[in-house]
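Listed below, chain by chain, are the residues.
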Amino acid sequence: MKPAIIAPSILSADFARLGDEVTAVIEAGADWIHFDVMDNHYVPNLTIGPMICKAIRPVTKAPIDVHLMVKPVDAMIEAFAEAGADWISFHPEASDHVDRSLDLIRRKGCKAGLVLNPATSVDCLEWVMDRLDLILLMSVNPGFGGQAFIPSALAKARRVRELIDASGRDIRLEIDGGVKTDNIRAVAEAGVDTFVAGSAIYGAPDYRAVIAAMRGEIAA
Ligand code: DX5
Ligand code: ZN
């Protein structure tokens, strides 16, 4: 297994102090910044765009993991690549040409990911494994932080872990939604190596303590 990555979602950060909130979680031991982009079209919420990504880019050296919940996706792929994103993932339902959109992410110099909603079949991965650097499994329906973890995501993670291992490719398996200290061990045991957590980290009084507790659970 790859070394575990913890990626706090800034969706649950204090937006009035966003730069400081980015710095704080990285100094507290997090690895990536998870950046949730919602358009009030593909999902019923509206968040932040490439201007904010560009603004936080100089604040940290940590990779910025952009999760696009927008439809269509291609213009936003270009905008976020230019704004300094390192990883860009999108939902297959949001692109008419998934293979083309994945290719565009890599051509713009970023790592490419596909995001599966709780009800989305893993079948859509079959013909694009060679285009992928990351597979992101949603363990909530996308649109909001602070929702409860959907248990079927564990079985799906085990299935996708098998697909990744069988492919022999260098692909990260990430999970997003409802991840807490008390369920992260089960998620890791299902084969996940990259953990998004929004409310569990930004809602805690001590970021360092919760990130350390999560790492302790993963390593145990
Ligand atoms: C949901 C977002 C998640 C969300 C996770 O649509 O993609 O990244 O912020 O938040 P928590 O960890 O609170 O479920
Ligand atoms: Zn997300």
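Residues numbered from 1 in each chain as written. Chains lettered and ligands numbered in written order. Predicted model: local features only at pLDDT ≥ 70, side-chain atom pairs only at ≥ 80, totals over all residues.

For the chain, an unreviewed UniProt entry supplies the name Ribulose-phosphate 3-epimerase and the organism Prosthecodimorpha hirschii. UniProt annotates the chain under Catalytic activity (unreviewed entry) with the comment "D-ribulose 5-phosphate = D-xylulose 5-phosphate". Per UniProt, the chain has the following entry under Function (unreviewed entry): "Catalyzes the reversible epimerization of D-ribulose 5-phosphate to D-xylulose 5-phosphate." (UniProt positions renumbered as here; feature names shortened; annotations may be inferred.)

Report on the UniProt feature "active site" (unreviewed entry) in the chain, specifying residues and quantitative values.
UniProt records the feature "active site" (unreviewed entry) at Asp36 and Asp176, using the numbering of this structure. These residues run over 141 residues, yet every pair of their C-alpha atoms falls within 10.5 Å of each other. With respect to the element layout, aspartate 36 can be found in strand 2 (residues 33–38). Here aspartate 36 falls in the buried class, since 24 other C-beta atoms lie within 10 Å of it. Excluding residues that lie within four positions of it along the chain, aspartate 36 makes contacts with Ser9, Leu11, Thr47, His67 and Met69. (Helix = DSSP H or I, 4+ residues; strand = E, 2+ residues; numbered from the N terminus. Buried ≥ 20, exposed ≤ 12 C-beta atoms within 10 Å, placed from the backbone. Contact = placed C-beta atoms within 7 Å.)

Just give me the short version of helix 3 (residues 74–82), but keep the residues and values in it.
Note on helix geometry: an α-helix contains 3.6 residues per turn, so any two residues three or four positions apart are oriented the same way. Residues of helix 3 that are buried include every one of Met76, Ile77, Phe80 and Ala81, and no others. Looking down the long axis of helix 3, one finds its buried residues gathered within 135° of arc, a one-sided arrangement. Backbone geometry just downstream of helix 3 places glycine 84 in the positive-phi region, at approximately 105°. (Arc of directions from axis to C-beta.)

Give me the confidence of the model for the chain: which residues, what numbers.
Averaged over every residue, the pLDDT of the chain is 98; residues scoring 70 or more account for 100%. The ipTM assigned to the predicted complex is 0.98, against a pTM of 0.98. (pLDDT = per-residue confidence, 0-100.)

Please give an account of helix 5 (residues 152–167) that cites residues and values.
Taking 1.5 Å as the rise per residue, helix 5 with 16 residues should run 22 Å; its terminal C-alpha atoms sit 23 Å apart, in good agreement. Where helix 5 is concerned, the buried positions are Ala153, Leu154, Lys156, Ala157, Val160 and Ile164. Projected down its long axis, helix 5 shows its buried positions confined to an angular sector of 155°, all on one face. Exposed side of helix 5, more than 90 degrees from the buried face: Ser152, Ala155, Glu162 and Ala166 are the residues found there. (Expected span 1.5 Å × (residues − 1).)

Which residues make up the environment of alanine 220, and what values do they have?
Along the polypeptide, alanine 220 turns up in the segment after helix 8 (207–219). Residue alanine 220 is classed as exposed on the basis of its 7 C-beta neighbours within 10 Å.

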